[in-house]
There are 2 protein chains.
Amino acid sequence: MQRKPTMNDVARLAGVGTMTVSRVLNSSPHVSDETAARVRTAVARLGYQPNEMARALRNFKSSTIGLLLPNLYDPFYATCAHALNMVAKEHDYTVLLTITNDNADHEYVEAKRMLQRHVEGLVVIPAESDRCRLGDPEFSEIPVVSMDRPLPPIEGREMDSVTTENQTGAREAIEHLVQVHGLKRILFVGHKPALFTMQERHEGYTSAMSTAGLATMARFDCVSEARATEICRDALELPEPPQAIFTANNLATRLILSALLKLRIRVPEQLALVGFDDLELSDLLHPALTVVRQPMTDLGSTAGRLLFGKLKSQVPRDQLARVVLPVELVVRNSCGCFFASGLGR
Amino acid sequence: MQRKPTMNDVARLAGVGTMTVSRVLNSSPHVSDETAARVRTAVARLGYQPNEMARALRNFKSSTIGLLLPNLYDPFYATCAHALNMVAKEHDYTVLLTITNDNADHEYVEAKRMLQRHVEGLVVIPAESDRCRLGDPEFSEIPVVSMDRPLPPIEGREMDSVTTENQTGAREAIEHLVQVHGLKRILFVGHKPALFTMQERHEGYTSAMSTAGLATMARFDCVSEARATEICRDALELPEPPQAIFTANNLATRLILSALLKLRIRVPEQLALVGFDDLELSDLLHPALTVVRQPMTDLGSTAGRLLFGKLKSQVPRDQLARVVLPVELVVRNSCGCFFASGLGR
DNA sequence: CTGAAAGCGCTAACAC
DNA sequence: GTGTTAGCGCTTTCAG
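Being a predicted model, the structure only gives us computed values, none of them experimental. (Residues numbered from 1 in each chain as written. Chains lettered and ligands numbered in written order. Predicted model: local features only at pLDDT ≥ 70, side-chain atom pairs only at ≥ 80, totals over all residues. Heavy atoms only, no water.)

K.L.:
What should I look at first to understand the protein's contact with DNA strand C in this one?
P.N.:
Neighbouring DNA strand C are 25 residues; Met 7 and Tyr 48 of chain A together with Thr 20, Thr 35 and Arg 58 of chain B lie closest to it. Backbone atoms, meaning sugar and phosphate, make up 60% of the atoms of DNA strand C lying within 4 Å of the protein. Residue Thr 20 of chain B places a side-chain N or O atom 2.4 Å away from a phosphate oxygen belonging to DNA strand C. Within the backbone of Ser 32 of chain B, a nitrogen or oxygen atom sits 2.8 Å from a phosphate oxygen of DNA strand C. Of all the secondary-structure elements, those providing two or more residues to the surface near DNA strand C are helix H2 (18-25) and helix H4 (52-59) of chain A together with helix H2 (18-25) and helix H4 (52-59) of chain B. Of the residues forming the surface near DNA strand C, the biggest block, four residues, is contributed by H4 of chain A. Residues belonging to the surface near DNA strand C are distributed by class as follows: ten nonpolar, ten polar and five charged. (Near = heavy atom within 4 Å. Polar contact = N/O pair within 3.5 Å; in protein donor to acceptor, adjacent residues only side chain to side chain. Helix = DSSP H or I, 4+ residues; strand = E, 2+ residues; numbered from the N terminus. Nonpolar A, V, L, I, M, F, W, Y, C, P; charged D, E, K, R; others polar.)

So this is what it looks like as structure tokens:
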């Protein structure tokens, strides 16, 4: 385990100065072909690899970006992360990854760590919180882009964001239930009332319901199997029980579906179901799930494009971008469509 | 956007030398409480943050590890990555993430990039390939741990690995089909014959079949919906069609399931199904899937523990660890269990 | 207990 | 075209 060769070693072996080596490595024009060739042989002979640390220290750039997200076991976040990574790779950047567990304090600490590591930009799925600190002045030196949820503006400073049409998606889901299937009593089920996406989807639900002149009912506590069962039971005991449930994210969908199955409630005959977020196997379920599908990959790659646009100075730093990506209502069977016809197996 | 404060700035403000500041920051003992306090105030006043780049350059350590994996959209890999990240966080290390797309050349290039960035260790889900180069001498300076698939030993050098009981898992699945359900003709379906896990599972399948005195049949080309349909159709046209299919990974399971549904083949009555790898909604399917479940989180965290064991010098570098984690046969309905009783909805 | 000097590996700026 | 000098921000070494 001997010391790694440095630029000096290469220079000595090639019989030139270190600067010449540096120039060759950075393919600067003013080097004669002959010397360049000599240097390259020396590099190859020694298996020389530039020390990125020294380079970063000198150049004030690290070719690194930071990615902060709540977790990676949720396929939604993981897919965003995947897409972002691909963009970074295209630009020859490396990604520093951190899991925040949806905790704003961790997020802040980790973001600072990344700053110390001289990341040139940050992509973040902000932690669910009222007191996010990613707007602190120390972060204003690098571009920051948020995905899925916007970063709350702090002291007037706003940051780029890429989100999806949460409201529109929810509204379309409800309108489908109301207009196509003639349903009137639709229950909204979410898992965290404070979450931006949750609020937006609830807003979409509310507005669609009120447009149709229907009364709303919502539960925001669908966080466990037990609770989901409770929610379903409560709902069915109502004098006028809901005819459909709109689950506002993949966790809620999963839990409610499981509860419904256990309670032996027939979907969609007895209770229709539409969910926000597509799930891996939802087309193979019985009934196949009708869902609002979000463009997960686009979220990540758009965030990446936004960030690199600024890093490569193609876009002025102070130009604010707020991209909202379209969602798609994927009509399958759980809403009641194609079901009587027996297509649903 | 002014220059960041350096240690020198702090030293000047506190009226001490830079060394004293350094000592305080690294909580070295030989500083008087009073000076230390002065330094700390100065640090706070300036909002000083140590420059990790300079530190890494000086110390030859970066508090960074590298993670290389095929992709993040596969929940299996993503969950491993999540677990590893959590371990790294415990040790106050940062993770450099790279997607290899299961390409050994990308993997090699990216691993070298990580080396240039002075990662202190590497965790990798090796790309499917006969010519992996992660055993090259340049990597022998840092500990390398592989997950899910072992790294092929190169020039005698072997590396730590964490895998799961692929053979045993497959064998148990087959034995269940044979012994509990009395099935004799079982088709093995995989997607990539070269993959380590695929081979191991096939080996388990073969050994279980031969122990039972049964003939084997295998397909290794389940890579698309169309192909899956073809596989099913081919199988059913056989003079003695299979009574069960064993799908050797989550992709194959997904595709075969979808094909079976489309072909209106009843599971498990007409054809039983057992898969390797659990899927997010597989307990909600009709029938619920019987699967061999792998400890995804354990894979990641064990790999992390192995790596940090060496980084913290608790374990000698040359001590080879080969951990094999147990899998679990999760019996649900697709194998035929609990099905006649109507429990499956 | 504290500070000054030297240098980690690299490159921008200026000589020649 | 090419080499020399200086210094990025930090810490090790060695004097005080």
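K.L.:
Looking at this structure, how should I read the environment of Ala 56 of chain B?
P.N.:
Position of Ala 56 of chain B among the secondary structure elements: in helix H4. Note on Ala 56 of chain B: relative accessible area 2%, which makes it buried. For the pair Ala 56 of chain B and Ala 42 of chain B, spaced 14 residues apart in the sequence, the C-alpha separation amounts to 23 Å. Here Ala 56 of chain B is in contact with Met 53 of chain A together with Lys 61 and Ser 62 of chain B, once residues within four sequence places are set aside. (Buried < 20%, exposed > 50% of the residue type's maximum accessible area, 1.4 Å probe, protein only. Contact = heavy atoms within 4.5 Å.)

K.L.:
Can you walk me through the relation of the copies chain A and chain B in this structure?
P.N.:
Here two copies of a chain appear, and what relates them is a rotation about an axis with a shift along it. The two copies are related by a screw motion: chain A maps onto chain B through a turn of 180° and a shift of 0.1 Å along the axis, at an RMSD of 0.1 Å. The transformation relating the two chain copies, once decomposed into turn and shift, fits a two-fold axis. The residues that chain A uses at the interface reappear at the interface of chain B in 100% of cases, marking a shared surface. (Least-squares fit on C-alpha atoms with pLDDT ≥ 70 in both.)

K.L.:
When you look at the protein's contact with DNA strand D in this model, what are you seeing that I'm missing?
P.N.:
By nearness alone, 25 residues border DNA strand D, and Thr 20 and Arg 58 of chain A together with Met 7, Met 19 and Tyr 48 of chain B come closest of all. Counting only the atoms of DNA strand D that lie within 4 Å of the protein, the sugar and phosphate share comes to 59%. Backbone polar atom of Met 7 of chain B to a phosphate oxygen of DNA strand D: 2.6 Å apart, as the coordinates give it. Contacts to DNA strand D include Arg 58 of chain B, whose side-chain N or O atom sits 2.9 Å from a base oxygen. At four residues, the largest contribution of residues to the surface near DNA strand D is made by H4 of chain B. When its residues are assigned to classes, the surface near DNA strand D shows ten nonpolar, ten polar and five charged.

K.L.:
Even after reading the chapter, I still don't get unusual backbone geometry, so can you show me in this structure?
P.N.:
A negative phi angle is the norm for most residues apart from glycine, just as the trans form is the norm for most peptide bonds. Note the cis peptide between Val 267 of chain B and Pro 268 of chain B, where omega equals 0°. By secondary structure assignment, the location of Pro 268 of chain B is in the loop between helix H10 (250-262) and strand S9 (272-276). Geometrically, the link from His 286 of chain B to Pro 287 of chain B is a cis peptide bond, its omega value of 5° lying close to zero. Residue position: Pro 287 of chain B is located in the loop between S9 and strand S10 (290-293). Residue Asn 101 of chain A is not a glycine yet carries a positive backbone phi of 55°. In this fold, Asn 101 of chain A is placed in the loop between strand S2 (94-99) and helix H6 (104-116).

K.L.:
Sorry if this is basic, but what is going on with the interface of chain A and chain B here?
P.N.:
Think of interface size as the accessible area that goes away when the parts come together; that is how it is often given. Taken together, the contacts link 61 residues of chain A with 61 residues of chain B. Surface buried jointly by chain A and chain B totals about 6000 Å² across both partners, of which 55% is contributed by carbon and sulfur atoms. Taken together, the links from chain A to chain B amount to eight salt bridges. Of the charged contacts, one joins Lys 89 of chain A and Glu 110 of chain B as a salt bridge, the two residues approaching to 3.9 Å between their closest N and O atoms. Linking chain A to chain B there are 26 residue pairs in polar contact (both at pLDDT 80 or more). Listing elements by their share of the side of chain A that touches chain B, those giving two or more residues are H4, helix H5 (75-90), S2, H6 and helix H10 (250-262) of chain A. In terms of residue count, H5 of chain A provides more of the side of chain A that touches chain B than any other element does, seven residues in total. The residue makeup of the side of chain A that touches chain B, split by class, is 25 nonpolar, 21 polar and 15 charged. In the sheet, S2 of chain A pairs with strand S2 (residues 94-99) of chain B via three bridges, with the strands oriented antiparallel. Looking at S2 of chain B, one finds that Val 95 of chain A is bridged to Leu 97 of chain B. (Buried area = accessible area lost by both parts, 1.4 Å probe. Salt bridge = Lys/Arg side-chain N within 4 Å of Asp/Glu carboxyl O. Pairing = 2+ DSSP bridges.)

K.L.:
How should I be thinking about helix H7 (residues 166-180) of chain B in this particular structure?
P.N.:
When the terminal C-alpha atoms of H7 of chain B are compared, their 21 Å separation across 15 residues agrees well with the 21 Å that a helix rising 1.5 Å per residue should span. Asn 166, Gly 169, Ala 170, Ala 173, Ile 174, His 176, Leu 177 and Val 178 of chain B are the residues of H7 of chain B that are buried. (Expected span 1.5 Å × (residues − 1).)

K.L.:
What is the right way to look at the pattern of salt bridges in this model?
P.N.:
Side chains that differ in charge, positive against negative, can pair when their charged atoms come close. Residue and element names in this part refer to chain A. Summed over all chains, the structure comprises 51 salt bridges over all chains. Measuring nitrogen to oxygen at the nearest pair gives 2.9 Å for the salt bridge that ties Lys 262 to Glu 225. Of the two residues, Lys 262 sits in helix H10 while Glu 225 sits in helix H9 (residues 225-237), which places them 37 residues apart along the sequence. What makes Glu 225 partly exposed here is its relative accessible area of 32%. Several salt bridges share partner residues, and in doing so they unite Asp 102, Glu 128, Asp 148, Arg 149 and Lys 192 into one network.

K.L.:
Whenever I open this one, the pairing of strand S1 (residues 64-69) of chain A confuses me. Can you help?
P.N.:
Walk down a regular strand and you will see the side chains alternate between the two sheet faces. All names here are of chain A. With respect to burial, S1 is a largely interior element, six of its six residues being buried. Here S1 shows no split at all, with Thr 64, Gly 66 and Leu 68 on one side and Ile 65, Leu 67 and Leu 69 on the other all buried. In the sheet, S1 pairs with S2 via six bridges, with the strands oriented parallel. Bridge assignment links Leu 68 to a residue of S2, and that residue is Thr 98. For the crossover from S1 across H5 to S2, the handedness is right-handed. Inspection of the sheet shows S1 paired to strand S3 (residues 121-124) by four bridges, in the parallel sense. Paired with Gly 66 across the strands is Leu 122, a residue of S3. (Right-handed = clockwise from strand over helix to strand, strands pointing away.)

K.L.:
It is not clear to me how the packing of aromatic side chains should be interpreted in this structure. Could you clarify?
P.N.:
The way to describe two aromatic rings as a pair is by their centre distance and the angle between their planes. Residue and element names in this part refer to chain A. As enumerated under the stated definition, the model contains twelve aromatic pairs over all chains in all. Ring geometry for Tyr 93 and Phe 308: centres 5.0 Å apart, planes at 80°, overall edge-to-face. Placement of Tyr 93 in the loop between H5 and S2 and of Phe 308 in helix H11 (residues 296-311) is noted, with a sequence separation of 215 residues between them. Residue classification places Tyr 93 among the buried positions, given a relative accessible area of 9%. Given a relative accessible area of 1%, Phe 308 falls into the buried group. Aromatic ring contacts, followed pair by pair, group Phe 188, Tyr 205, Phe 220 and Phe 246 into a single cluster. (Phe/Tyr/Trp six-rings, centres within 6.5 Å; stacked < 30°, edge-to-face > 60°.)

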